[in-house]
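If you want the building blocks of each chain, they are given just below.
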Protein chains: 2
Amino acid sequence: MQLLQDRIRREGKVLPGNIIKVDGFLNHRVDTKLLEALADEFAKHFDISKITLVLTAEASGIALATVCANKYGVPMLFAKKAKSDNIEGGLYQSEVFSYTYKKKFTMIVSHEWLHASDHVLIIDDFMAKGNAMQGLIDLVHAAGATLEGIGVAVEKGFQGGGDALRASGIPYKALAVIEQADENGIIFREED
Amino acid sequence: MQLLQDRIRREGKVLPGNIIKVDGFLNHRVDTKLLEALADEFAKHFDISKITLVLTAEASGIALATVCANKYGVPMLFAKKAKSDNIEGGLYQSEVFSYTYKKKFTMIVSHEWLHASDHVLIIDDFMAKGNAMQGLIDLVHAAGATLEGIGVAVEKGFQGGGDALRASGIPYKALAVIEQADENGIIFREED
């Protein structure tokens, strides 16, 4: 998606360790008009009429998932990290190793809000190795729900998570795939 | 706000320890159409034309703050918990004791995205004692920005955070103030 690539090129920063910082518009300060454009773009790639729920992971996926869910007219559900006193009873759980935070955490959703009858579109802002994404997929499967597709704003293509999903047969779309990011700048993969 | 009170009455649950669970529409599974109505209601109570930024705290404030920022045509900034490898350089920090999680955490925003020239509306989904809210206020003050107001969807009135804000003189609006919540049900405070 040209609009997103241009924005990353203009405002993204590459930090040591292949970290790509897009926190001025995507995952710290958030440009909600950009998110609207991303949501419209996802709608070209998935059959939105089938979707009953948009699922994401806290925290940085929530903004994009909210805008998507609002446009598609379905609820947004975010998987929480760890257990708070506010969640009673039955929980679907998955264990995730976070590449960003270099530690394991548990992702949970309540049985109450994810059902076998749901048709789920997973949305996230960023994907690298895909560990958090696998955690979300596991939650959908644990509930016996149907996974209709996975949409990611920015994929770090060189870290393999996206290619594993493409090979899996799950409908998958990343709006910008970064192939290389270093002191020479950012190179995007050609659109699939 | 009648719409929100009705929703809480219909779908909210009271758990032991005065915990009010609204996770079917506000802070786990999220009804984005309801959030739109809340954003419109806040716009009646604050001078939105002055606002340059909506600030919230991760994670559960993000959905509501996103919808508000999108309606008001300004960016949304969410304070993060703890430090990730993705945030470089200067940070405004505040220490917060979470009533929900029974532990201390550090809230951060990057110097890059909160400026002395900003006019900030703080938005959060829930407030009890107001500890996280005070953390957000501290971040605004640390940046030398102007705090234009604070909007909260659900206030637990019996825990004092809201009344402290009312006494402080900061423009403040809670859309539903719960005065009492126990096995007999939920009682709301009359609108101010």
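See the structure printed just above.
These notes cover the structure that comes with them.

**Overview of the interface of chain B and chain A**
In many analyses, interface size is given as the accessible surface area lost on bringing the parts together. Across the contact, 42 residues belong to chain B and 42 residues belong to chain A. Of the roughly 4,000 Å² buried where chain B meets chain A, counting both sides, 55% is carbon and sulfur surface. Here chain B and chain A share 4 salt bridges between them. For B:Glu112, the salt bridge goes to A:Lys13, with nearest N and O atoms at 2.6 Å. Here chain B and chain A share 20 residue pairs in polar contact (both at pLDDT 80 or more) between them.

**Describing the environment of B:Leu147**
Residue and element names in this part refer to chain B. Among the structural elements, Leu147 can be located in strand E9 (residues 146-156). Judged by its relative accessible area of 15%, Leu147 is buried. Put simply, Leu147 and Leu64 are 83 residues apart on the chain and 18 Å apart in space, counted from C-alpha to C-alpha. The contact partners of Leu147, leaving out residues within four places of it in the chain, are Val120, Ile122, Ile137, Val140 and Ile170.

**What to know about the pattern of salt bridges**
Applying the stated criterion to the full structure yields 28 salt bridges over all chains. Salt bridges here are not isolated pairs; linked through shared partners, they connect A:Glu155, A:Asp163, A:Arg166, A:Glu179 and A:Arg189.

**Comments concerning the nonpolar core**
Within the largest apolar cluster, 80 residues are counted, with the highest numbers of intra-cluster contacts made by A:Leu4, A:Ile8, A:Leu38, B:Leu4, B:Ile8 and B:Leu38. Aside from chain neighbours lying at most four places away, what touches A:Leu38 is A:Met1, A:Leu4, A:Leu26, A:Leu64, A:Ala153 and A:Leu175.

Rules used in this analysis
- Residues numbered from 1 in each chain as written.
- Chains lettered and ligands numbered in written order.
- Predicted model: local features only at pLDDT ≥ 70, side-chain atom pairs only at ≥ 80, totals over all residues.
- Heavy atoms only, no water.
- Contact = heavy atoms within 4.5 Å.
- Buried area = accessible area lost by both parts, 1.4 Å probe.
- Salt bridge = Lys/Arg side-chain N within 4 Å of Asp/Glu carboxyl O.
- Polar contact = N/O pair within 3.5 Å; in protein donor to acceptor, adjacent residues only side chain to side chain.
- Helix = DSSP H or I, 4+ residues; strand = E, 2+ residues; numbered from the N terminus.
- Buried < 20%, exposed > 50% of the residue type's maximum accessible area, 1.4 Å probe, protein only.
- Core = buried A, V, L, I, M, F, W, Y, C linked by side-chain atoms within 4.5 Å.

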